[in-house]
Amino acid sequence: MNKLEKRHFKLFTSGYGNNNNYIRLFDTINKQVVYNEKKILDKFKGETFAKQLHVLKNYLYHLILKSLRSYNSEDRINNKIRSLLDNYEIVYDKKLYHQAEKILSKAKTLAREHEHFPYALEISNIEENMVRNKYDLEKLEEQYEVIYQDQKTLIKKFVNRQEYQKLHNALALLQKKKGRPRNSNDLDLYKNILNHPLYNDVSEALSDSAVGSFYSSHVLFNHLTGNRKKSLDFLNRQISFIEDGPQRKARFLDDLIIIMGNRITISRGVVTIPETIEFINELKSIYEQSSPKNEMALTLYYLYRLDFLCLNGLFHEAQDVAKEAERWISKIAVVTAIGNAEIRLYS
């Protein structure tokens, strides 16, 4: 991983502090010039997760891959939309207008589904030029007004999303500088960000990505200020929002898995044991329902289940689960992949 990819990984996994075991493992390996597992085991000697380090490494491995996919996904969508627009120009210049409209419609759908507002605006401008050749003068004014209102909405959503992103970045940067607030001055710095009008209600967020930033910021703020119950409430609301629509869930599935994992961590001591078990089992359900199978969801399920069993003194059951996890990991040959990739990933 290069420096930008590592930076993106830390941002990708930010939001809940630096105490997650996989973040600690990442930081430890990142400081090594050559991967040395013995030194890692020595560093974390006595900690529960060290006994099942291979499970945590497997989770970290998949998390890194998802972070890299996230890092490169926008470029892939950009390229796909750009290719469609280039194809549109070629076909349009050939006066194949019907085919050109179909291609433009695909680009428009893709841009709006992924909330790529700059491309959506560009496509809207193309449509504005097209209506001149499509409608008579009586309908032209009406069509121009429809397009104009649509462009206003796109611009408003784009600016709104960028404002949320700016606020969330400020919060994450403050966390990096200050960590948890140690005094009233530190707390005021956090409150100054969360007191922005955009954080008053989720209805202020005008796009799916803006809603995500709204919830993530509230989760982070309440986690850092020690209000775990409220942090959990925002996590549950964020999960419900993502699961509310099939298309949204498919688009944000990787985010959903990470959020569910962090919900388990934050919920300790806040919810009952049966509720915690339900949270853990939801990760397995995602794996079973996903197509293709989301291996990270099952890895995270094993990781949190083992942690839960050990914390509650159920060591015999934990041994059975560990064997089950080892058989699964061996089946997908992830351990070998990690061994071959660790030096490359962290160099």
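Residues numbered from 1 in each chain as written. Predicted model: local features only at pLDDT ≥ 70, side-chain atom pairs only at ≥ 80, totals over all residues. Heavy atoms only, no water.

## Quick look at the packing of helix 10 (residues 228-243) against helix 12 (residues 253-267)
Selection criterion: Every axis corresponds to a line fitted to the C-alpha atoms, with the helix fit spanning only the stretch in contact, and the corresponding angles, defined between N-to-C directions, vary from 0 to 180 degrees. To qualify as a helix, a DSSP run of H or I must reach at least 4 residues; to qualify as a strand, a run of E must reach at least 2; elements of each kind are numbered from the N terminus. We call two directions roughly parallel when the angle between them is under 35 degrees, roughly antiparallel when it is over 145, roughly perpendicular when it lies between 65 and 115, and oblique otherwise. Crossings are classed by handedness, with left-handed meaning an anticlockwise turn of the near helix from the far one by less than a right angle and right-handed meaning a clockwise turn. Note on contacts: a residue pair is in contact if any heavy atoms of the two residues lie within 4.5 Å. Under this grouping Gly is polar, as are all residues other than the nonpolar Ala, Val, Leu, Ile, Met, Phe, Trp, Tyr, Cys and Pro and the charged Asp, Glu, Lys and Arg.
In contact at an axis separation of 10 Å, helix 10 and helix 12 are set at 155 degrees when each is read in the N-to-C sense. In terms of their interaxial angle, helix 10 and helix 12 are classed as roughly antiparallel. As helix 10 runs across helix 12, the sense of the crossing is left-handed. Across the interface between the two elements, R228, S231, L232, L235, N236, Q238, I239, I242 and E243 of helix 10 pack against L256, I259, M260, N262, R263, T265, I266 and S267 of helix 12. Its residues placed into classes, the contact of helix 10 with helix 12 shows 8 nonpolar, 6 polar and 3 charged.

## Description of the pattern of salt bridges
Our working rule: By convention in these notes, a salt bridge is any Lys or Arg side-chain nitrogen within 4 Å of a carboxyl oxygen on Asp or Glu. When accessible area is computed with a 1.4 Å probe and restricted to protein chains, residues below 20% of their type maximum are described as buried, those above 50% as exposed, and intermediate ones as partly exposed.
Under the definition given, this model contains 12 salt bridges. Ionic pairing is found between D233 and R237, a salt bridge with its closest N-O pair at 3.7 Å. Of the two residues, D233 and R237 both sit in helix 10, 4 residues apart, roughly one turn of that helix. Overall, the relative accessible area of 32% leaves R237 in the partly exposed class.

## Things to note about the packing of aromatic side chains
The relative placement of two aromatic rings is captured by the distance of their centres and the angle of their planes. For the record, the criterion: Only centres within 6.5 Å qualify two rings of Phe, Tyr or Trp (six-membered ring in Trp) as a pair; their planes then separate them into stacked at under 30 degrees, edge-to-face at over 60, and tilted for everything else. Two conditions define a charge located above a ring, namely a distance within 6 Å from the ring centre to NZ of Lys or CZ of Arg, and an angle within 35 degrees of the ring normal.
In this structure the tally under the stated criterion is 9 aromatic pairs. Each ring, one from F214 and one from Y215, has its centre 5.4 Å from the other, and the planes form 75 degrees; the classification is edge-to-face. This pair shows no difference in class: F214 is buried, exactly as Y215 is. Taken together, Y164, Y199, F214, Y215 and F234 form an aromatic cluster joined through their ring pairs. Above the face of the F241 ring, R248 is positioned so that its terminal group lies 3.9 Å from the ring centre.

## Observations concerning the side chain of S124
Here S124 lies in helix 6 (residues 117-131). Residues in contact with S124, not counting those within four places in the same chain, are I147, D150 and Q151.

## Focus on the nonpolar core
What counts, and what does not: By nonpolar core we mean a set of buried residues, namely Ala, Val, Leu, Ile, Met, Phe, Trp, Tyr and Cys, connected to one another through side-chain atoms within 4.5 Å.
Judged by nonpolar contacts, the single largest core of 72 residues is most densely connected at L60, I257 and L283. Judged by nonpolar contacts, the second largest core, of 20 residues, contains I81, V91, I103 and A107.

## A look at unusual backbone geometry
One non-glycine residue, K95, adopts positive backbone phi at about 65 degrees. Along the chain, K95 turns up in the loop between helix 4 (53-93) and helix 5 (97-113). What makes K95 exposed here is its relative accessible area of 58%. Positioned with a positive phi, E115 is a non-glycine residue whose angle comes to about 55 degrees. Among the secondary structure elements, E115 is positioned in the loop between helix 5 and helix 6.

## Overview of the confidence of the model for the protein chain
Keep this limit in mind: A residue's pLDDT is the predictor's confidence in that residue, given on a scale from 0 to 100.
Looking at the protein chain as a whole, its pLDDT mean stands at 83, while 85% of the residues score no less than 70. Mean pLDDT values for the elements of the protein chain range from 40 in helix 16 (residues 334-346) up to 95 in helix 8 (residues 184-194). Segment residues 333-347: pLDDT under 50, and 27 contacts once partners within four positions in sequence are set aside and those in other chains are kept.

## Brief notes about helix 14 (residues 295-311)
Applicable threshold: Here the expected span of a helix is defined as 1.5 Å times the quantity of residues minus one. Two N or O atoms count as a polar contact when they lie within 3.5 Å, although within protein this holds only if one can serve as hydrogen donor and the other as acceptor, and sequence-adjacent residues are included solely when both atoms are side-chain atoms.
Its 17 residues give helix 14 an end-to-end C-alpha distance of 24 Å, which sits within 8% of 24 Å, the value for a rise of 1.5 Å per residue. Within helix 14, 13 of the 17 residues are buried, which leaves the element mostly enclosed by the surrounding structure. Its side-chain oxygen at 3.3 Å from the backbone nitrogen of M296, N294 defines the N-terminal cap of helix 14. Remark: G313 follows helix 14 within two positions and exhibits a positive phi of approximately 75 degrees.

## A short note on the environment of N236
With respect to the helices and strands, N236 occurs in helix 10. Overall, the relative accessible area of 26% leaves N236 in the partly exposed class. Residues N236 and M260, 24 residues apart in the sequence, show an inter-C-alpha distance of 8.7 Å. Dropping the residues within four chain positions of it, N236 is found in contact with R263 and F279. Of the polar contacts made by the side chain of N236, one reaches the side chain of R263; its length is 2.9 Å.

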